[in-house]
Amino acid sequence: MSSLVWLVRKDLKVFFADRQGALMTVLVPVVLASLLGMLFAPRASASVLHLLVVSSDAEPLVTKLVTAIDASENFEVERVSEAVARERVAKGRASLALILPPGTAESLRPENLFQGERRRVELLYDPSNEIEANMARGLLIQVSMQETMASLADPQAMATSFESWERRLAPDTDPALREFVRAGRGLKERAKPEPSAGKASAGGGLSPPLEFEKVAVAASGGARGYNSYAHNFAGMLLMFLLFAAQSRAKALIGEREAGTLVRLRLTGASHTRILLGVGASTALIALLASTLVYAVGMLVFGIRIQGPLAGFVGVVLAQALFVGGFALLLAGLGRTEEQVGAIGPLVVLVMCFAGGAMFPSFMMPSWLRTLSLVLPTYWATDGLAAMTWRGLGLSSAALPIAFLLAWASLSAIIGIRRFRSRA
Amino acid sequence: MDGPTRSNGGGVSIRGLSVRFAELWAVRELSLEVPPGCLFGLLGPNGAGKTTTLSATAGLLEPSAGQILVGDVDVTQEPERVQRMLGVVPQSLALYPTLTVLDNLQLFAGLFGVRGAAMHERVEWGLRLAQLENKGRARVSTLSGGMKRRLNLSCALLHDPSVIICDEPTTGVDPQSRNHIFDTIRSLHAEGRTVVYTTHYMEEVEALCQRVAIMDHGKVLVEDELEALLAKAGGAAGTAFRVELDAERSAGELMERLRDAGLPARVQAERANLERVFLDLTGRALRDSEAPSAAEDA
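Just so we're clear, the structure is a prediction, and the values are computed from it rather than from any experiment. (Residues numbered from 1 in each chain as written. Chains lettered and ligands numbered in written order. Predicted model: local features only at pLDDT ≥ 70, side-chain atom pairs only at ≥ 80, totals over all residues.)

Asker: Go over the overall build of chain A, please, and point to the residues and values.
Answerer: Per the secondary structure count, chain A includes 17 helices and five strands. The burial tally for chain A puts 41% of its 423 residues in the buried class. Here the analysis covers contacts within chain A between residues at least 6 apart in sequence; of these, 81% occur between residues at least 24 apart. (Helix = DSSP H or I, 4+ residues; strand = E, 2+ residues; numbered from the N terminus. Buried ≥ 20, exposed ≤ 12 C-beta atoms within 10 Å, placed from the backbone. Contact = placed C-beta atoms within 7 Å.)

Asker: Requested: an account of the overall build of chain B, with residues and values cited.
Answerer: Counting its secondary structure elements, chain B contains ten helices and ten strands. Expressed as a percentage of the 298 residues in chain B, the buried residues total 41%.

Asker: Mind laying out the packing of helix H10 (residues 228-258) of chain A against helix H16 (residues 376-387) of chain A, listing which residues take part and the relevant values?
Answerer: Residue and element names in this part refer to chain A. Look at H10 against H16: their axes get within 9 Å of each other, and the N-to-C directions meet at 145°. The way H10 lies across H16 gives a crossing that is right-handed. Of H16, the residues touching H10 (which contributes Ala230, His231, Ala234, Gly235 and Leu238) are Thr377, Ala380, Thr381, Leu384 and Ala385. For the contact of H10 with H16, a count of residues per class yields six nonpolar, four polar and no charged. (Axes fitted to C-alpha atoms, helices over the stretch in contact; angles between N-to-C directions. Left-handed = near helix turned anticlockwise from the far one by under 90°. Nonpolar A, V, L, I, M, F, W, Y, C, P; charged D, E, K, R; others polar.)

Asker: Describe helix H9 (residues 251-260) of chain B, naming the residues involved and giving the relevant values.
Answerer: Because each turn of an α-helix spans 3.6 residues, side chains separated by three or four positions end up pointing in the same direction. Burial analysis of H9(B) places just zero of its ten residues in the buried class, which makes it a mostly uncovered element. Just downstream of H9(B), Gly262(B) is the residue with a positive phi angle, here 75°.

Asker: Explain unusual backbone geometry to me, using residue names and the numbers behind them.
Answerer: Here Gln131(B), not a glycine, exhibits a phi torsion of approximately 55°, which is positive. Note that Gln131(B) resides in the loop between helix H4 (116-129) and helix H5 (145-157).

Asker: A description of the sheet that holds strand S4 (residues 65-70) of chain B should follow, citing residues and the corresponding values.
Answerer: Each strand in a sheet pairs with another by means of backbone hydrogen bonds, the pair being arranged parallel or else antiparallel. Residue and element names in this part refer to chain B. Spatially, S2-S1-S4-S5 is the arrangement adopted by the four strands of the open sheet, whose pairing is antiparallel. Two strands close off the open sheet at either side, each with one partner strand: strand S2 (24-34) and strand S5 (73-74). By the bridge criterion, seven bridges tie strand S1 (residues 12-21) to S2 in an arrangement that is antiparallel. From the neighbouring strand, Val12 faces S2, where its bridge partner is Val34. Packed onto the sheet, helix H1 (residues 50-57) meets S1, S2 and S4 and runs at close to 115° relative to S1. (Pairing = 2+ DSSP bridges.)

Asker: Outline the environment of Asn179(B), listing residues and values.
Answerer: With respect to the helices, strands and loops of the structure, Asn179(B) is situated in helix H6 (residues 175-190). The spacing of Asn179(B) and Leu143(B) is 36 residues in sequence and 18 Å in space, taken between C-alpha atoms.

Asker: Tell me about the environment of Asp18(A), and please be specific about residues and values.
Answerer: Residue and element names in this part refer to chain A. Here Asp18 lies in the loop between helix H1 (3-17) and helix H2 (19-40). Residue Asp18 is classed as partly exposed on the basis of its 18 C-beta neighbours within 10 Å. Along the backbone, Asp18 and Ile413 are 395 residues apart, and their C-alpha atoms lie at a distance of 26 Å. The contact partners of Asp18, leaving out residues within four places of it in the chain, are Thr336, Glu338 and Gln339.

Asker: How would you sum up the confidence of the model for chain A? Please name residues and give values.
Answerer: All names here are of chain A. Looking at chain A as a whole, the pLDDT averages 82, with 85% of positions reaching at least 70. The least confident element of chain A is helix H6 (residues 112-115), whose mean pLDDT is 62; the most confident is helix H13 (residues 309-333), at 96. Low confidence marks residues 191-204, where pLDDT is under 50. Its contacts with residues over four positions away, or in another chain, come to 24 contacts. (pLDDT = per-residue confidence, 0-100.)

Asker: Summarise the nonpolar core; cite the residues concerned and give the values.
Answerer: Of all hydrophobic cores here, the largest spans 100 residues; its most connected members are Leu96(A), Ala97(A), Leu98(A), Val323(A) and Leu404(A). No other element matches the 14 residues that H13(A) contributes to this core. Each of domain 1 (49-217) and domain 2 (226-422) of chain A contributes no fewer than three residues to this core. When residues no more than four places from it in sequence are discounted, the contact partners of Leu404(A) are Ala318(A), Gln319(A), Leu321(A), Phe322(A), Pro376(A), Trp379(A) and Ala380(A). Counting residues in hydrophobic clusters, the runner-up holds 69 residues, among them Leu54(B), Val75(B), Val82(B) and Ala109(B). (Core = buried A, V, L, I, M, F, W, Y, C linked by C-beta atoms within 7 Å. Domains from an automatic or database assignment.)

Asker: An account of the domain arrangement of chain A is requested, with residue identities and associated values reported.
Answerer: Residues and elements named next belong to chain A. When cut into domains, chain A gives domain 1 (49-217) and domain 2 (226-422). Taken together, the contact pairs eleven residues of domain 1 with nine residues of domain 2. For the side of domain 1 that touches domain 2, the residue count by class is five nonpolar, four polar and two charged.

Asker: Got a sec to walk through the interface of chain B and chain A? Specific residues and values, please.
Answerer: Where interface size is given, it is often the accessible area lost as the parts come together that is meant. Listed as interface residues are 14 residues of chain B and, on the opposing side, eleven residues of chain A. For the side of chain B that touches chain A, the secondary-structure elements that each account for two or more residues are helix H2 (79-85) and helix H3 (101-111) of chain B. The residue inventory of the side of chain B that touches chain A, partitioned by class, reads ten nonpolar, two polar and two charged.

Asker: Can you tell me about H3(B), naming the residues and giving the values?
Answerer: Residue and element names in this part refer to chain B. What H3 keeps buried is the set Val101, Asn104, Leu105, Phe108 and Ala109. Across the axial projection of H3, the buried residues extend over an arc of 125°, all falling on one side. On its buried face, H3 is in contact with H4 and H5. Backbone geometry just after H3 places Gly113 at a positive phi near 90°. (Arc of directions from axis to C-beta.)

Asker: Account for the sheet that holds strand S3 (residues 39-43) of chain B, naming residues and giving values.
Answerer: Residues and elements named next belong to chain B. Spatial strand order, S6-S7-S8-S3-S9-S10: six strands in an open sheet with mixed pairing. On the outer flanks of this sheet lie strand S6 (86-89) and strand S10 (219-225), each paired with one strand and no other. Each neighbouring strand pair of the sheet contributes to a mean axis angle of 15°, computed without reference to strand direction. In this structure, strand S9 (residues 211-216) lies alongside S10, joined through six bridges in antiparallel fashion. Within the sheet, the bridge partner assigned to Val212 lies in S10 and is Asp224. Where H1 meets the sheet, its contacts fall on S3, strand S7 (163-167), strand S8 (194-198) and S9, and the angle it forms with S7 comes to roughly 150°. Along the sheet, H6 contacts S3, S7 and S8; its crossing angle with S8, the most-contacted strand, is approximately 150°.

Asker: Help me get a handle on the confidence of the model for chain B, residues and values and all.
Answerer: Residue and element names in this part refer to chain B. With 84% of its residues at a pLDDT of at least 70, chain B reaches an overall mean of 84. Averaged pLDDT values for the elements of chain B fall to 73 in helix H10 (residues 274-282) and rise to 95 in S8. In the model, residues 1-7 has pLDDT below 50 throughout and makes 18 contacts with residues more than four positions away in sequence or in other chains. Confidence drops under pLDDT 50 across residues 288-298; counting only partners more than four residues distant or on other chains, this segment forms 25 contacts.

Asker: Before we move on, can you summarise the packing of H13(A) against helix H17 (residues 395-422) of chain A with the specific residues and values?
Answerer: Residue and element names in this part refer to chain A. One can describe the packing of H13 onto H17 by two numbers: an axis separation of 7 Å at closest approach and a directional angle of 20°. Looking at the two axes, H13 sits roughly parallel to H17. The two elements H13 and H17 meet at a crossing, and its hand is left-handed. Each residue belonging to the contact of H13 with H17 can be placed in one class, and the counts come to 20 nonpolar, nine polar and two charged. (Parallel < 35°, antiparallel > 145°, perpendicular 65-115°, else oblique.)

Asker: For the environment of Leu210(A), give the residues involved together with the corresponding values.
Answerer: Residue and element names in this part refer to chain A. You can see Leu210 is positioned in strand S5 (residues 210-216). Spatially, the C-alpha atoms of Leu210 and Arg369 are 31 Å apart, while their sequence positions differ by 159 residues. Not counting residues up to four positions away in its chain, the partners in contact with Leu210 are Ser107, Arg118, Arg119, Val121 and Ser144.

Below, the structure written as structure tokens:
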């Protein structure tokens with residue numbers, strides 16, 4: 001057997017001797033590919049947009065429109081008051097809210113398809129999800145057009161609309177348009193018209209009955225307060241802090257194998273104290289890295305802390321403590337450096353993916369968005385967004401801080417217990 | 001603490017020590033007495049229970065039964081106090097390779113509670129002891145094997161312990177560094193410290209130790225003064241003579257004549273040495289796979 005074959009054989013044996021590591025080599029790409037595939041692949045149940053709807057108009061046409069929006073496969077409607085809608089969008093708890101003001105029903109009458117007088121309705125959106133808002137706007141235009149056009153299939157309703165339109169025509173109206181409206185009034189005597197018949201109008205063609213005006217909502221002042229770098233800095237910072245925690249976990253296991261951990265214990269330091277030292281030093285490194293990264297973000301990319309400074313510091317501190325606890329958790333989960341090297345990326349990438357640190361959450365299926373509410377990565381990015389570009393109050397930092405501290409404690413306890421049992 | 005506190009003369013007394021790992025007794029009812037101020041050799045093949053005994057003595061393992069006293073302090077009652085009295089030189093190079101020599105010395109001195117002016121003094125002492133005065137700012141990873149071994153020794157002694165445990169401190173070093181380590185140990189012993197020394201090199205124990213215990217299968221087989229042990233072994237092997245033959249006489253002829261005369265003998269005289277004693281007691285079979293990893297001796 002040639003030396004090359006022996007060398008290859010040796011490396012294969014070494015690779016498969018660490019079964020967990022070998023398994024992770026397959027598991028990590030499978031899990032990540034599945035998640036990304038879920039994100040970008042077309043699926044039967046497309047990503048449903050959660051839409052808050054505010055409507056003070058009890059007219060049947062408005063009710064019909066809201067029902068149609070809810071019935072479409074793209075939206076999931078929740079009726080709320082305007083104050084609630086504005087607050088939830090401002091806090092990032094909802095991405096979209098449609099405000100249907102009084103008089104909306106009037107705009108939904110079929111004749112408005114031809115008149116070109118469109119009512120403006122506000123589509124509130126979270127400025128960090130502008131893509132979602134654009135998508136929603138297009139879909140809402142489609143639904144509103146479909147609903148109004150459907151009225152054309154009802155000759156009685158159509159004739160009534162043309163009668164109403166004719167009454168409102170100004171004396172100097174283009175004779176061609178006046179003739180068209182008159183002809184439309186007589187349509188009820190004929191067969192059902194094709195909806196496309198209206199496109200032959202001389203009044204400038206069909207136009208949507210409602211104009212959905214996107215309005216960015218944030219406590220810091222709408223779209224002007226939003227800085228896309230703020231969102232990305234938070235997500236990427238967190239991801240790489242977690243990778244740094246993975247390195248610390250590997251180093252800790254390396255110390256166990258090298259004997260330095262035993263030597264530290266010989267100085268009278270308990271296992272728990274040594275491990276807490278590792279957690280604390282990791283947290284300090286995370287804190288330092290966060291400070292430097294945000295300093296660059298502020299100086300170069302214009303990120304601003306628009307919430308209270310204490311809230312921002314609290315979230316950054318809680319995040320750093322979580323990173324310290326996470327290092328201990330990984331050190332407890334892996335028996336060898338190789339295992340931590342395999343487990344770490346899987347856990348970090350999945351948590352960052354599901355927590356919205358990598359991609360906007362609206363791209364994810366609803367079950368994953370629900371699941372993300374228990375993830376520290378979600379609360380870290382949410383807390384930092386609240387204290388930077390959202391410009392929310394101190395109370396909006398409290399829940400993220402509480403979640404992160406709970407995760408930090410839980411991770412540290414589990415990690416220390418498991419690590420001690422293997423020491 | 002502001003500086004090292006050493007009380008010379010503390011010995012180690014192990015009484016009925018038993019340590020069990022799952023189904024395996026790594027050490028069973030072991031008793032050992034290391035007199036205060038003694039340079040004591042602890043020998044045994046792999047898996048004999050040496051490291052388990054030393055780990056329990058250092059408070060790193062909870063004994064299943066028995067008592068260990070360092071000086072008059074019970075290890076299970078006051079492990080941290082015992083750890084301050086002990087200086088354990090581990091077999092592995094338990095240093096931080098990416099840190100400098102000074103960083104390592106300061107770290108361990110600090111962890112042992114050395115503070116203030118005493119810190120500077122002890123770190124300087126540690127540098128001198130390791131003969132690394134001009135390498136203070138060098139990263140440990142750049143040092144030679146012998147330098148690392150000397151630093152490994154220094155780091156264990158910064159708090160001026162009264163009892164020193166050396167677990168194979170000369171593994172993989174060159175003769176010069178080995179001699180330096182020997183000189184250091186002799187010097188520390190001469191200052192009144194108790195030293196427990198384990199090694200696989202019998203000549204090291206012969207060169208250093210006053211008293212020796214040989215253990216196997218978790219028990220002490222023999223414990224005595226080195227000279228007494230060698231004398232017993234020499235007696236058992238018979239008296240040796242040096243015989244000079246004429247050039248035309250062969251050793252085979254001499255053996256034949258002695259046998260014919262009813263006097264069977266070995267031709268080459270051989271002084272009894274500790275290695276012979278050790279192998280007579282523990283046998284020659286390899287011991288690589290007898291103990292679980294947790295209890296395995298290095």
